[in-house]
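# Secondary and tertiary structure notes
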Amino acid sequence: MKVVSKKNNLDIAKEWDNIALLRDLQINSKTDISFHKILVPSILNQLNTVSDISEKKLIDLGCGSGYLTNILSSYVNEATGIDISKKNIELAKTHYTTHNLSFYESAIETFKEGGYEIAIANMVLMDVINLEDCIKSISELLKNGATFIFSITHPQFWPKYWDYEGKKWFNYSREIIIESNFKITNEASTYKTTHVHRPLEHYLSTLSKYNFKMNSIIELPNTSEVIYPRFLIGNFVFKH
C-alpha cells in the first residue's frame, strides 16, 4: 500500500483491465460476499423506492462486467452500463444480451448520452480521481427529479478496516490517493488498484453543489454483530 501524488483515467482504466477477469470470476462465482450479501441487496432496496420504475431509463456508472447492470435491467424500461475498462465492457457484452440493455466503454466524464431518470454507481465514487468532474458529469446525464443511488467505502471506517488509519500519512480531512493490492473479504490478489480517501463532507458538499438533494444515507453492514460499518449507501434526488 502506498500514497501516490496523482493518477489519471488512463491509469485507472489499465488497473481495471488487468483485474477484469478476476473480478468477473469473483462476482459470478459469488466469492465476493460483500457484493452479493450487502451491496447489491441494499442498492435494490433503494431502487424499490422509485415510483413507476418499469417506465424509467437507467444508467449504471462504472458497471464492471455487467452483473449488477443485468439485474437492474429487469426493473426498468431501458438500462445502460458504462465503464472505463475496455476489458470489462467486452465481458459485459459477451455475458448479457437482454434487448433493453446496452454497454459502452467510457469514462463518466466523457459519456454524452443523457435523459436518464435513474443513475447507479456501485463502489465507484471513491475510485474516481476528480470527484467534482465526475459529479458534474453525472448531473448532466440526468433528468430533473432523477434518482441517484450510490455505494462507497465508508470514509470514517474504511481506513480502520484496511489498516491505514494509524499511518503517519493518513489524515481523515485530506483527499489521499492510495494504491494497494485489491482484496475482498476472503481473497487477496497481487493486482494493484487505486481508491481515493475523501472525508464524508467532501462527498456531500460536492453533491450539493451540483443540485443533488439527500433522501437517505445508510451505513452498512448495520447488524448487531458488526462493530463498525464498512460501506455507505446514498439515495439522492437531482433537482435543477
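Here's a quick rundown of the structure. (Residues numbered from 1 in each chain as written. Predicted model: local features only at pLDDT ≥ 70, side-chain atom pairs only at ≥ 80, totals over all residues. Heavy atoms only, no water.)

### Quick notes on the packing of helix 5 (residues 131-141) against helix 7 (residues 200-209)
Two elements in contact, helix 5 and helix 7, have axes separated by 9 Å at closest approach and are oriented at 40 degrees. Comparing their axes, helix 7 and helix 5 come out oblique. Considering only the axes of helix 5 and helix 7, their crossing is right-handed. Counting all contacts with helix 5, which are made through Leu-131, Glu-132 and Ile-135, the residues of helix 7 involved are His-202, Tyr-203, Thr-206, Leu-207 and Lys-209. Class assignment for the residues of the contact of helix 5 with helix 7 results in four nonpolar, two polar and two charged. (Axes fitted to C-alpha atoms, helices over the stretch in contact; angles between N-to-C directions. Helix = DSSP H or I, 4+ residues; strand = E, 2+ residues; numbered from the N terminus. Parallel < 35°, antiparallel > 145°, perpendicular 65-115°, else oblique. Left-handed = near helix turned anticlockwise from the far one by under 90°. Contact = heavy atoms within 4.5 Å. Nonpolar A, V, L, I, M, F, W, Y, C, P; charged D, E, K, R; others polar.)

### Thoughts on the nonpolar core
Of all hydrophobic cores here, the largest spans 34 residues; its most connected members are Leu-47, Leu-58, Leu-68, Leu-72, Phe-103, Ile-118 and Ile-120. Sorting the residues of this core by element identifies helix 2 (33-47), helix 3 (67-73), helix 4 (86-95), strand 4 (101-105), strand 5 (116-122), strand 7 (176-184) and strand 10 (231-238) as the ones contributing at least two each. For this core, the leading source of residues is helix 2, giving seven residues. In this view, Leu-72 contacts Leu-44, Leu-47, Leu-58, Asp-60 and Ile-120; residues no more than four positions away in its chain are not counted. The next biggest cluster of nonpolar side chains, apart from the first, holds 29 residues, and it includes Ile-59, Val-128, Phe-150 and Tyr-203. (Core = buried A, V, L, I, M, F, W, Y, C linked by side-chain atoms within 4.5 Å. Buried < 20%, exposed > 50% of the residue type's maximum accessible area, 1.4 Å probe, protein only.)

### Here's the deal with the pattern of salt bridges
Scanning the model with the defined rule gives 10 salt bridges in all. Glu-179 is the salt-bridge partner of Lys-2, the closest N and O atoms lying 3.9 Å from each other. Remark: Glu-179 occurs in strand 7 and Lys-2 occurs in strand 1 (residues 2-4); sequence separation between them is 177 residues. Taken together, the shared-partner salt bridges connect Lys-2, Lys-7, Glu-15 and Glu-179 into one network. (Salt bridge = Lys/Arg side-chain N within 4 Å of Asp/Glu carboxyl O.)

### Details of the environment of Met-1
Here Met-1 shows up in the segment before strand 1. According to the relative accessible area criterion, Met-1 is partly exposed, its value standing at 44%. Through-space distance from the C-alpha of Met-1 to that of Gln-46 is 33 Å; in sequence the pair is 45 residues apart. Residues contacting Met-1, with those up to four places away along its chain left out, are Trp-162, Tyr-164, Trp-169, Ile-178, Glu-179 and Ser-180.

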